[in-house]
Every structure is written in structure tokens, then in C-alpha cells.
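# Observations on the model geometry
Residues per chain are reported as follows:
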Amino acid sequence: MRAIEIFRQKSPFLAVCVMAALALVWLAAIGSASMAQAQQTSAAPVADEKFQAFIKMLDDPDIRARLDAMAVPPADRPGAPAASQMAVWDSIIRNHLVALRNAFPRIPGEAANAVRIVKSEINNRGFATILSLFAVLLALGFGAEWLFKRAIGGAQQPRSGQPAVASATRNGNRAARLLAELAPLVVFSLVSAGVFLAFHWPALLRVVILTYLVAFIVLRVVMAIGRILLAPHSGAIPAGQEKPLRLVPASDAEAHFWYRRLAVFTGYLMAGWATVSLLPHLGFSPDATRLIAYLLGIGLLVLAVEMVWRRPGRPATAQRISTREWLLTIYLVLLWGLWVADLDGALWLGIYALLLPKALTIAGHVAEALVVRPDNATSANSVRTVLINRGVRALVILLAVLWLSLVWRLDPGAMAEGNTTINRIVRGLFHGVLILLVADLIWQLAKAYIGRTLELAAVDDTVSAEEAARRSRLRTLLPIFRNMLAVLLATVAVLMVLSGLGVQIAPLIAGAGIFGVAIGFGSQTLVKDVLSGVFYMLDDAFRVGEYIESGSYKGTVESFSLRSVKLRHHRGPVFTVPFGDLGAVQNMSRDWVIDKFRIRVSFDTDLRKVKKLLKGIGAELLADPELAPQIIETVKMKGVEQFGDFGIELSFAFMTKPGHQFVVRRRAYTMIQQAFAENGIHFAQPTVQVGTDEKQAAAAAANVISLAQQKAAQPAVQGE
């Protein structure tokens, strides 16, 4: 038990390898038993040549299609129960697994036959000849690539007397970096493939060499793309060189890890693909070919599990089992099981569920990194950037859907002509994906354009009054238009998808109309609010950012909805007022504001002196650099408004831009108080005059004393 625990802690992913080895032993045991049983029940063994001929006949696509049509009833036949369809699927999977089991003991014999075929085709020479020719082709290709790099490097060297210019790759030029990665690869491919095609070779040797050469070129293309996306580099960047741009956001450790795993995984995959694709040419039966492919797939499974358990960023839990890693491992094993069971459709659905979201994210990051300019921050939200970003994502989804249709062997022409239930559903699903992609692209473009317009329509004191009014109008109407567009696109897209799936949308539209009429009669207040809001917008009664007052509600307009407006009171609270409850609206933020105030002075004040002082105060306000831009007409004294009981009431007025009158008034009050104090002008105050008659004063004093004595005597009487 201790050894098992140490083994589990040291290398968890090797458990999968052990399971695979046990599975191979089981297949070998069952294959041996079945072979022995076949030898006992069979009196005369079938000749190898006839058997191979029979296998080749079964490998013919037309014959296999005919046999499948005869063995498997159509899935969409009227009246076929779901249980019978499940039984058919169960039978297909069982027959497939039995064929793999029976093919296992034939692998050694077919391998020996493949060696004989290779020797006979290449003049009794072994696989060493193939390896030598392949190595020579690779050497010629790498030599041409090295010469090309030397030529390009010499052409990029700075001339004498000129300042040193770094190469385009070091400067981070994206187009030059892409060319520097792919151009040598193109030279390698042309030279290596061209040299081989220039000579005449035996047919089998030609197929083998070209297959492995294509696999090697694909591996190098994937590695070049990995270097472009991840930009892995080891050690410090030399002086004078810039760090290459990493299109996929990742740390240095993550870039190194994923680049190496990508190279190893792709190399193993392409080597396995080349080997499996050549097996039929070497005389292997289809069942043996599939079995070898599944066995090679165990290596892919081990590599994938190793990535899961050793990926960067994973918490170091050496003594604790991570649930996420185990779930991903089980998920990968299930995918391999679906592949072995020949359920390719379910297999690719599982792969899409695991990798497609990450692929979309990476595609978006790459498109954004290629389009967004570092010197222009607003380019990230431009329509061009959104178009390329969403277009790349849509292209990835379309390629995934097309590949899935190829895996499921869906013929577009047959689906268009067929009228069966499955054909209609599949055709509707493909149309639905296309419709949703187009709707998403239109929405993202419209949202980006509206957002960009709202950014440009931000508040700016440097623009003219007409331009400020136009921008305020845009900030008011565009959010409402954006919400309405989202509802419209979503409704149209859903109806089109349902129509493509065969759902009759005419009754839905009619029912929605009747339902809308019923809602209209039942919620007249809601309809009133919506219609009132429409007319307020048409009348341009108020805009976002303006201060309005309606009845007991007042505040700055913050936002709109279809039925209400949000008002921010100057003390902080937010009022959500339905449009139907607004009524008459006072807009205090349009054009200009006249503010009036009154001041009382004593009766003996020199009014001409006050008027002169006010002229000076008005001039000082206009000279203030902060207040002058907001003042249309400075503070002026209008004259005597009225004579009060204890002073003269003077009227003052000034005109400012909306919202700035309070600041100007406060500054004017301060300056008026200081000017009056310096010039001996007094503000009027209420006064009470007391007479000097001694008799009246004595009588008043006696009355006061009498009242005080009466109040003092009352507690004594109450105590008795």
C-alpha cells in the first residue's frame, strides 16, 4: 500500500498508462481465445489471398454504404420506436468492438506481410532505405533554408556610415515577423518536395516519403504559428533588442510550457497520422488499421493528461488530490472511449465543448493584438476592430460546424432536397448557427458604433453651444436606440431560427399581437408612460445631464428607459419617475439663466455710491478667469425695488450659463459685503425705539415688578 501511495503521489497521470496496458492485455487474451475457437470450429482455413481480397472488397465505399443501408434501418423511418434505434446503435458498437477484438491477433501476420510488400516494392531493401532518403530530403531542405536566412540577413545589415537599423523582427513589426517565420518554411517545403518529385521513384516509396514529408511540414507550420502566438524566449533579451510581441496573453513560463507541449503533441499526432494513413498501402486490413490508430491514440491521451497535471498556474498540491485535474482526466479518458467506440460525432462534440471556448478566446486576443494600435487607445473600440474580432470568432465557429458536418457525413445537397425530420432539424441547426453569427456581428458592430459615438459626444466646454446641444441630444437618444435595437435583433433572430427548425412562426406572431393588445388594455398606465416618453423625446423636452423640475421632482437627468427617467437630486437621492407622471417640465439647463437677488440698506445710504461700487464688482467678476466664461451679463444694480419698514430694498440681476448662477451669486455676495464694509455702507436691520418719558418708564417698571411678585407667590400658594 505504501508503494502504491508513493506511486500515485509521484506521477498521477501514469495511472492512465496502467489502465491502457491492462486493456491491451485483455484484448490480447480475448483475441487469442477467439482465434482458438475459430480454429476449432473451422475445418478448412481460408486462404490468405482470398481473405485479403475480401477485406479489400469490404473497404470499398460503395459496398460499405450498401451493407450499412441493408443492415441499419433508417433512423427517421415513420413509426420506428426510439428503443429500436437504440438497439441498432448498440448492435453497431458491439460489432465494431468485436471486429477490433478479432483484428488484434492478425496484427503480427499483417505486419510481416507489410515488410514483404515494402521489400518487394523497393527492390528488396528495408526501411533503412526509406529513412536515408527522408533524411537526405530534410538535409537539402534545411540547407536551402539556411542559405535563404543568410541571404536575408545579409540584405538587412546596415550599410557603412548609416545608423544601425534593427531588423523588422526585432522592432516588433508584425508583418515582417510573420514573413520571417513562414518564408524560410516555404523555401524548405519547395526544395525538399521539389527535389523528391523531380525524380522517378517506386509507387510505394513515393507515397511513404511524401506522406511523412507532409506530416513534417505540417509540424513545422504549427511550431511557427506557436512561436508567432506565444513568442517563447529563453534568458534575458540582449541589449538593443525589443521583446517580441506575444499575441496570446501569457507569462514566460506559460509560453514555454504550451509551446513545447504543442510541438510534442503535434509531432506525435502527425507521425501517427502518417503511419496510420500508410497502413492500407502496406496490406493492413481496415479493422487492424483502426485498432493500431486507437492504440497510438493512447499516447495522445497520455500527453493530454500530462498537460492537465503539469500545466503552469496549477496550485502545488502534492499531498492533496485536485478535483479539477481528476475530472479533466476522466473527461479525456471518456473522449478516447468514444473514439474507440466509433462515435465520432459525440467525440467531436466533446472536443468542441472542451476546446472551442478557449479557441474563441485565443482567436479574439490574436485579432485584437493584430488590429489594435498601441499608440491609439480608442482603436480597441473602433468598428474596424470589432468587425475583425467578431469576424475571426465567427470564422472559427463556421469552420468547427463545417468540420462537424464532414465528420457526420452530412451532404448539403441531400439535406436541402430531403424532407425527413432529421434533415430538417440538422438543416435548421446549421441555418440557426449562421443566423446567430450574423445577428451577433450586427449587434457588436452597432454597439461599437454607438459606444464610439457616445465617447465622442462627451461633455466638453471648448465646443460651441450648438455642438454641445447636439452632443447632449445624442447622449439622450442613442442609449434608447441601442436597447431597442438589441430587442429587435434578438426577436428577429429567434424567429428566424425557429422558422429554420420547421416551427410555424405565423401563429406565434399572431399570438404575440393578441397578447400585446391584451397587455395594452390591461396596462394602460404602462402604455401611457411609453407614449409620453416618445413625445417627450420628440419635443426634445430634456436631455441627459440637464437639470429639470416637475412638480415635486427635480434633479439632473441621468438616464432613460422606455417608461421612466432617472433624476439625481442635488442632495444625492435618485428619483425614478414614469413619463406619465411628469406633466409640465421646467428645464433649467437650456441656453441661459437670469438670477435676481435683493439687498436692504439703511435709509441714509448714498444710492449713487452703491451703484458705482456694483459696477466695479461686475468688472472684477468679468476679469476672473474662472467665472468670466460662464457669465453672459455681469452683476448690475437695477434700482430701488421698494421702501421697507426699516430700510431701502435694492434689486440686482445677472445672466449666466445654466448651472453656474449659484457660483456667481456666492462670489457677488462676498464682494458686495467687503465693498460695503470698506465704504461705510450699512445693511438695514430691524430696530425697536423705546420712549424717554419718565412717568411712562416708571409705570412700566412697576408693572414688571408686580408681575414678578405674582409669579413668585404662586408656588407658595400651591405648596399650602
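A quick note: this is a predicted structure, and the numbers were derived from the prediction, not measured.

A few words on the sheet that holds strand 7 (residues 631-643). In spatial order, the strands read 6-8-7; together these three strands make up an open sheet with antiparallel pairing. Each end of this open sheet is capped by a strand with a single partner; those strands are strand 6 (593-601) and strand 7. Taking each pair of neighbouring strands and ignoring which way they run, the sheet shows an average axis angle of 20 degrees. With eight bridges joining them, strand 7 and strand 8 (residues 648-656) adopt antiparallel strand pairing. The partner of Ile631 across the bridge, within strand 8, is Thr656. Helix-sheet contacts for helix 20 (residues 607-623) involve strand 7 and strand 8, and the interaxial angle to strand 7 is about 160 degrees. Sheet strands in contact with helix 21 (residues 661-678) are strand 6, strand 7 and strand 8, and its direction is about 25 degrees off that of strand 6.

One open sheet accounts for five strands, arranged 4-3-2-1-5; its pairing is antiparallel. Sheet topology places strand 4 (574-578) and strand 5 (586-587) at the edges, where each strand pairs with a single neighbour. Summarising the sheet, strand 2 (residues 553-560) and strand 3 (residues 564-568) pair through four bridges and their orientation is antiparallel. Considered in strand 3, the bridge of Thr556 is made with Arg568.

To continue, consider the side chain of Thr266. Summarising the element assignment, Thr266 is placed in helix 10 (residues 252-278). A polar side-chain atom of Thr266 sits 2.7 Å from the main-chain carbonyl oxygen of Leu262. In contact with Thr266, other than residues within four places in its own chain, are Leu219 and Val222.

Definitions and limits used
For every chain, the first residue of the written sequence is number 1, and numbering continues from 1 along that sequence. With the structure being a predicted model, the display of local features is reserved for residues of pLDDT at least 70 and the display and counting of side-chain atom pairs for 80 or more, all residues being used for whole-chain, interface and lining totals. By convention in this description, side-chain values take in all heavy atoms of the structure and omit both hydrogens and water. The pairing criterion is simple: DSSP has to find at least two bridges between the two strands. Note on conventions: DSSP H or I runs of at least 4 residues are helices, E runs of at least 2 residues are strands, and numbering of each starts at the N terminus. Helix axes use the C-alpha atoms of the stretch in contact, all axes being lines fitted to C-alpha atoms, and the angles between their N-to-C directions lie in the range 0 to 180 degrees. In this analysis, two residues are considered to be in contact whenever any of their non-hydrogen atoms come within 4.5 Å of each other. Here a polar contact is taken to be a pair of N or O atoms separated by no more than 3.5 Å, where protein atoms must pair a possible hydrogen donor with a possible acceptor and residues adjacent in sequence count only if both atoms sit in side chains.

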